[in-house]
Amino acid sequence: MSTASSAKTSSPEPAGVAIGPLLPDDWERVRAIYLEGIATGNATFATEAPPWEQWDAAHRADCRLVARQNGSVIAWAALSPVSSRCVYAGVAEVSVYVAASARGKGAGRAILNALVHASERAGIWTLQAGIFPENTASVELHKRCGFRIVGVREKLGRMDGRWRDVLLLERRSPAL
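Definitions and limits used
- Residues numbered from 1 in each chain as written.
- Predicted model: local features only at pLDDT ≥ 70, side-chain atom pairs only at ≥ 80, totals over all residues.
- Heavy atoms only, no water.
- Helix = DSSP H or I, 4+ residues; strand = E, 2+ residues; numbered from the N terminus.
- Rg over C-alpha atoms; globule rule 2.2 N^0.38 Å.
- Buried < 20%, exposed > 50% of the residue type's maximum accessible area, 1.4 Å probe, protein only.
- Contact = heavy atoms within 4.5 Å.
- Areas by Shrake-Rupley, 256 points an atom, 1.4 Å probe, with all protein chains shown as cover.
- Lys, Arg positive; Asp, Glu negative; His and termini not counted.
- Charge placed at Lys NZ, Arg CZ, Asp CG, Glu CD.
- Phe/Tyr/Trp six-rings, centres within 6.5 Å; stacked < 30°, edge-to-face > 60°.
- Pairing = 2+ DSSP bridges.
- Axes fitted to C-alpha atoms, helices over the stretch in contact; angles between N-to-C directions.
- 1 Å grid on protein atoms, 1.4 Å probe; cavity = no way out; pocket = protein on both sides within 12 Å on 5 of 7 lines; lining within 4 Å.
- Points joined across faces, edges and corners; volume = space filled by probe spheres on them.
- Salt bridge = Lys/Arg side-chain N within 4 Å of Asp/Glu carboxyl O.

**Q** Can you help me understand the overall build of the protein in this one?
**A** For the protein, the helix and strand inventory stands at four helices and seven strands. The order of α-helices and β-strands along the protein, N terminus first, is β-α-α-β-β-β-α-β-α-β-β. Its C-alpha radius of gyration of 15 Å places the protein within 12% of the 16 Å reference for a compact globule of 176 residues. Its C-alpha atoms put the protein at 45 × 40 × 30 Å along the principal axes. By the burial criterion, 44% of the 176 residues in the protein qualify as buried. Put simply, 66% of the contacts in the protein that link residues at least 6 apart link residues at least 24 apart. Accessible surface, the protein: about 9,200 Å² in total, of which carbon and sulfur atoms supply 51%. One way to put it: in the protein the 21 positive side-chain charges average out to a point 6 Å from where the 17 negative ones average out.

Have a look at this one:
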């Protein structure tokens, strides 16, 4: 049986981009990038960025990264658990956001690849992502990093008075 995890996920970081841990001091820039994503109307159902404490509590401490260029955060990626049930301990939801000024330059691929590797070191066997079909750049980014579309969640939620579908993508660890 072939899985999406067999897809190539390693690629060098773009010139001048360094991937490292997301720290509390990064929050204001991370939040600003998140707000840019929210403003597109195609990144999330969220309408505002939460305070640090809420965001911190909702995301795994061992799998949160930032991409920096010239010392400034240009992208972030993090995992959140999908359930508190122990059977789902190795399943996590992916969030990846790239600053508008850095989109299309490789930072998204570099940070998502790094997140995949961090997740496997942390014992995660399945990564999932929910992406609006209109967010073609994010769908293609995830596919290039070994994710596959496993379904469409039709009319999952209402946003600005209209129903929105969400593609469900997943990536399975090659260790399975």
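There is more to say after this.
**Q** Explain unusual backbone geometry to me, please; I cannot follow it from the model alone.
**A** Glycine aside, negative phi is the norm for most residues, and most peptide bonds take the trans geometry. Phi is positive for Lys155, which is not a glycine, with a value near 45°. Judged by relative accessible area, Lys155 falls into the exposed class, the value being 55%.

**Q** What am I meant to see in the packing of aromatic side chains here?
**A** Centre-to-centre distance and the angle between the planes together describe a pair of aromatic rings. Tallied over the entire structure, the rule returns eight aromatic pairs. Note on Phe45 and Phe132: the rings are 4.9 Å apart at their centroids and 80° apart in plane angle, and the pair reads as edge-to-face. Of the two residues, Phe45 is situated in the loop between helix H1 (27–40) and helix H2 (52–58) and Phe132 in the loop between strand E5 (126–131) and helix H4 (136–144); the sequence distance between them amounts to 87 residues. Assessed through its relative accessible area of 32%, Phe45 is described here as partly exposed. With centroids separated by 5.6 Å and ring planes inclined at 80°, the aromatic side chains of Trp55 and Trp76 adopt a geometry described as edge-to-face.

**Q** Help me out: how do you make sense of the sheet that holds E5 in this one?
**A** Within a sheet, adjacent strands bond to each other through the backbone by hydrogen bonds, running parallel or antiparallel. If you walk across this open sheet you meet the seven strands as E1-E2-E3-E4-E5-E7-E6, and the pairing is mixed. Edge positions in the open sheet fall to strand E1 (17–21) and strand E6 (148–159), since each of these has one partner strand only. Adjacent strand axes in the sheet meet at a mean angle of 25° when their direction is disregarded. Examined bridge by bridge, strand E3 (residues 72–81) and strand E4 (residues 91–98) share seven bridges and lie antiparallel to one another. Bridge assignment links Ala77 to a residue of E4, and that residue is Val96.

**Q** Is there a simple way to think about empty space enclosed by the protein in this case?
**A** Where empty space is left can be seen by rolling a probe of water-molecule size over the atoms. Within this structure, the stated rule accounts for one cavity of 30 Å³ or more. Considering only enclosed or pocket space, the largest cavity measures out at about 30 Å³ in volume. Along its surface, the largest cavity is lined by Ser119, Glu120, Ile124, Trp125, Thr126, Leu127, Arg171, Arg172 and Ser173. Taken together, the elements giving at least two residues each to the lining of the largest cavity come down to helix H3 (107–121), E5 and strand E7 (162–172).

**Q** I would appreciate a short explanation of the pattern of salt bridges in the present structure.
**A** Pairing is possible between side chains of opposite charge, provided their charged atoms come close. Taken as a whole, this structure holds eight salt bridges when the rule is applied. With its nearest N and O atoms 2.7 Å apart, the salt bridge here joins Arg60 to Asp62. Taking the relative accessible area as the measure of exposure, Asp62 reaches 44% and is therefore partly exposed. The shortest N-O distance in the salt bridge between Glu134 and Arg164 comes to 3.2 Å. Of this pair, Glu134 sits in the loop between E5 and H4 while Arg164 sits in strand E7, and the two are 30 residues apart along the sequence. A residue is classified by how much of its surface remains accessible, and Glu134, at 41% relative accessible area, is partly exposed. The class of Arg164 is buried, set by a relative accessible area of 2%. Each of Arg148, Glu170 and Arg172 takes part in salt bridges that share partners, so that together they form one network.

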